[in-house]
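Next come the chains, spelled out residue by residue.
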Amino acid sequence: MKRQIGRSDLNVFPIGLGAMGMSEFYGKADEAESIHTLHKAVEQGVNLIDTADMYGHGENEKLLKKAFYDRWDKVILATKFGIVRDSDNPASRSINGSPAYVKQACEASLKRLGRDYIDLYYLHRVDQSTPIEDTVGAMADLVREGKVRFIGLSEVSGDTLLRASAIHPITAVQSEYSLWSQDVEQSTLPAIRQVGASLVAYSPLGRGFLTGRFKTFDDLPLDDYRRFSPRFQGDNFDKNLHLLKLVEQIAHAKGCKPSQLALAWLLHQGNDIIPIPGTTKVDNLLENIAAVSIELTGDEVKQIGTLMQNIHGERYDAGGMKSVNK
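The structure contained in this document is the topic of the report that follows.

Here we look at the packing of aromatic side chains
Any pair of aromatic rings gets described here by the distance separating the centres and the angle formed by the planes. Per the stated rule, a full pass over the model turns up nine aromatic pairs. Taking 5.8 Å as the distance between ring centres and 65° as the angle between the ring planes, the aromatic pair formed by Tyr177 and Trp265 counts as edge-to-face. Of this pair, Tyr177 sits in the loop between β10 (172–176) and α6 (188–195) while Trp265 sits in helix α8 (residues 258–267), placing them 88 residues apart in sequence. Like Tyr177, the residue Trp265 is buried in the burial classification. Between Phe232 and Phe237, the ring centres sit 6.3 Å apart and the planes meet at 45°, which makes this aromatic pair tilted.

Quick notes on unusual backbone geometry
Despite not being glycine, Glu155 shows a phi value in the positive range, around 55°. Following the sequence through the fold, Glu155 ends up in the loop between β9 (148–154) and α5 (158–165). Glu155 gets classed as buried once you look at its relative accessible area, which sits at 0%. Even without being glycine, Ser203 reaches a positive phi, approximately 50°.

Observations regarding empty space enclosed by the protein
Taken as a whole and assessed by the stated rule, the structure comprises one cavity of 30 Å³ or more. Lining the largest cavity, in full, are Ile15, Gly16, Leu17, Pro277, Leu285, Asn288 and Ile289. At three residues, helix α9 (residues 282–290) tops the list of elements feeding residues into the lining of the largest cavity.

Notes on the nonpolar core
Burial of nonpolar side chains together is a common tendency in soluble globular proteins. Of all hydrophobic cores here, the largest spans 85 residues; its most connected members are Leu64, Phe68, Leu153, Leu161, Tyr177, Phe209 and Met308. Sequence-distant contacts of Leu153, defined by excluding residues within four places in its chain, comprise Tyr122, Leu123, Ile132, Val136, Leu161, Ala164, Ile170, Ala172, Val173 and Gln174. Judged by nonpolar contacts, the second largest core, of 14 residues, contains Phe150, Val200, Ile274 and Ile276.

So, the side chain of Arg207
The residue Arg207 is located in the loop between β11 (198–202) and α7 (234–254) in this model. For Arg207, a relative accessible area of 4% translates into the label buried.

Some details on the sheet that holds β10
Strand order across the open sheet formed by eight strands is β3-β4-β5-β8-β9-β10-β11-β12, with parallel pairing between neighbours. The strands lining the two open edges of the sheet, one partner per strand, are β3 (17–18) and β12 (273–275). Inspection of the sheet shows β11 paired to β12 by three bridges, in the parallel sense. Across the sheet, residue Ala201 finds its bridge partner in β12, namely Pro275. Each of β10, β11 and β12 is contacted by α6, which is oriented at about 140° to β11, the strand it contacts most. Sitting on the sheet, α8 is in contact with β11 and β12, with an inclination near 155° to β12.

The rules behind each value
Residues numbered from 1 in each chain as written. Predicted model: local features only at pLDDT ≥ 70, side-chain atom pairs only at ≥ 80, totals over all residues. Heavy atoms only, no water. Phe/Tyr/Trp six-rings, centres within 6.5 Å; stacked < 30°, edge-to-face > 60°. Helix = DSSP H or I, 4+ residues; strand = E, 2+ residues; numbered from the N terminus. Buried < 20%, exposed > 50% of the residue type's maximum accessible area, 1.4 Å probe, protein only. 1 Å grid on protein atoms, 1.4 Å probe; cavity = no way out; pocket = protein on both sides within 12 Å on 5 of 7 lines; lining within 4 Å. Points joined across faces, edges and corners; volume = space filled by probe spheres on them. Core = buried A, V, L, I, M, F, W, Y, C linked by side-chain atoms within 4.5 Å. Contact = heavy atoms within 4.5 Å. Pairing = 2+ DSSP bridges. Axes fitted to C-alpha atoms, helices over the stretch in contact; angles between N-to-C directions.

Laid out in structure tokens, this is it:
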């Protein structure tokens, strides 16, 4: 049942848990409910928990410390660095992959998490002013120092991954991958397989769109960042909703929810694919976990994969698209 991450000794439940929404971006979350969900996840065998230093300006890492301080042995922890936020201007973003910052960011994460080491440490976005060789070299130093066990990259191109792998083994690449975001298949996934890494798929439910929960734009909370996502806006939303109905029809025929079908489709792309859907609620967590038992034929996998290939709108706004697949 478990899946090995790259060529590491990290063996995880086929579906992980993304913790981002427990601190920010999708409206206000309830801390007690989030911690209950985190505890239920490990009780159910879900052991890959994903966070980043920029989620909630570090508050997400602190939340995980509060949830897992007495049960870290049940968790394979992944966190990320590289996106720098301005505390005075929450919307401000910059990217820093300089060797000095690599080490500074790691020390800060370890302190917030209350841990001596990080199982899987990702560069969140490529710093295009710092050679990837320099960033990965500094990350490799952290491995030699025992502060990080394995390293990963997020939203990288295949070429960048190959350059990075020449410096130090890359265990995982985290990129958006779902029925409505399949661009990673073009160059990055072949390179991932060439170097023996795994693809950790974030937003495997299309930021919640593939759950079928949002029927109109107004269903999104007022403080939800998806209101600024091109795929959730105007005609794009309506056209994408039409495509989703095709997914819902197949899910109904299979006796499952569209979200479960979307996760099952990802799991059938290969044992080197590990989706990390995020949720703050136990019911959603249990629904997601149940997707591991859904069987699809080869023909069904192909059919489902074509349903949302002609998605409407980019997955980020113009600024966000400048930092993906780099």
